[in-house]
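Okay, here's what each chain looks like letter by letter:
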Amino acid sequence: MRVIRKVVAVLQADDISAWLFGGWGLDARIGRITREHGDVEFWVERIYAERSKALLVGAGAMALPTQPPEESCEFTWDEVSFSTAYFDRWPDGSFSQSLGRFADWLFPPGSFGGEPVTLDGTPVLAMSVSGMLAMKEQFPRLRNGRPWRQKDITDMEILRRLASAETTDGRIGAP
C-alpha cells in the first residue's frame, strides 16, 4: 500500500490520474486487501505517459527498460515492483491500448471513471468492474494473449459477482 499511496500522490500533484487494475484493482473494488500481490499495476492515459514517468523517476522510482515504451513502463520503488500501462480514449466513450502488442484490447465505456474507491483507508481510482472483466475475458483471444491462469479464472468469477451486485451509480452493494 505504501507504494500505491506514493504513486497516487506524485501523479495527483500534477493532475494525472492513475487507475489500479489487476489484483490490487480488484482489491480496491472489493474495498480490502484479499491476498498477497507480486506487483502493482496502474493504467495512465497515454497523453500523460512521458510526464508520469518523469514525475515518478523524479520522486525516487527507478524506471526499468523491460517493456515496449508505447505500451507501459515498469518501475521499482522501495523494492516494490509496479507499472504504468497506457490507454487511449475514443470518441464513442470506449478505450484501448492502441499501440504495441495488445492493440486489439478494447475496454468498454466507463472503464476509467473519476470516482475513487477506498482501499485500506486510502482513496484510489480503480478500473471499473466491467473494464477489468472485459480485460480478463479478452486476454486469451488477443493476438498476443495467453491462456487464463487459475487466478484469472478466480478473478473473473469474483468480478462477475461484483458486476451483478453493482448499483446504478457504479458502487458495490446496496444503495
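Below you will find a few notes about this structure. (Residues numbered from 1 in each chain as written. Predicted model: local features only at pLDDT ≥ 70, side-chain atom pairs only at ≥ 80, totals over all residues. Heavy atoms only, no water.)

This part covers helix 3 (residues 49–58). By the burial criterion, the buried members of helix 3 are Ala 49, Ser 52 and Leu 56. Viewed end-on, helix 3 has its buried residues packed into an arc of 70°, placing them on one side of the element. Within helix 3, the exposed residues directed more than 90 degrees away from the buried face are Glu 50, Ala 54 and Gly 58. Where the residues of helix 3 are buried, they touch helix 1 (2–12), strand 2 (40–45), strand 4 (72–77) and strand 5 (80–89). After helix 3 finishes, the residue Gly 60 shows a positive phi value of roughly 125°. (Buried < 20%, exposed > 50% of the residue type's maximum accessible area, 1.4 Å probe, protein only. Helix = DSSP H or I, 4+ residues; strand = E, 2+ residues; numbered from the N terminus. Arc of directions from axis to C-beta. Contact = heavy atoms within 4.5 Å.)

Bringing the pattern of salt bridges into the picture now. Inspection of every chain in the model, using the stated rule, returns 12 salt bridges. A salt bridge links Arg 35 to Asp 155; the shortest N-O distance between them is 3.0 Å. One end of the pair, Arg 35, is in the loop between helix 2 (22–30) and strand 2; the other, Asp 155, is in helix 5 (residues 150–165), with 120 residues separating them in the sequence. On the basis of relative accessibility, which here comes to 31%, the residue Arg 35 falls in the partly exposed class. Residue class for Asp 155 comes out buried when judged on its relative accessible area of 2%. The closest approach of N and O atoms between Asp 155 and Lys 136, which form a salt bridge, is 3.3 Å. (Salt bridge = Lys/Arg side-chain N within 4 Å of Asp/Glu carboxyl O.)

Remember, this is a structural readout, not a statement about activity or role.
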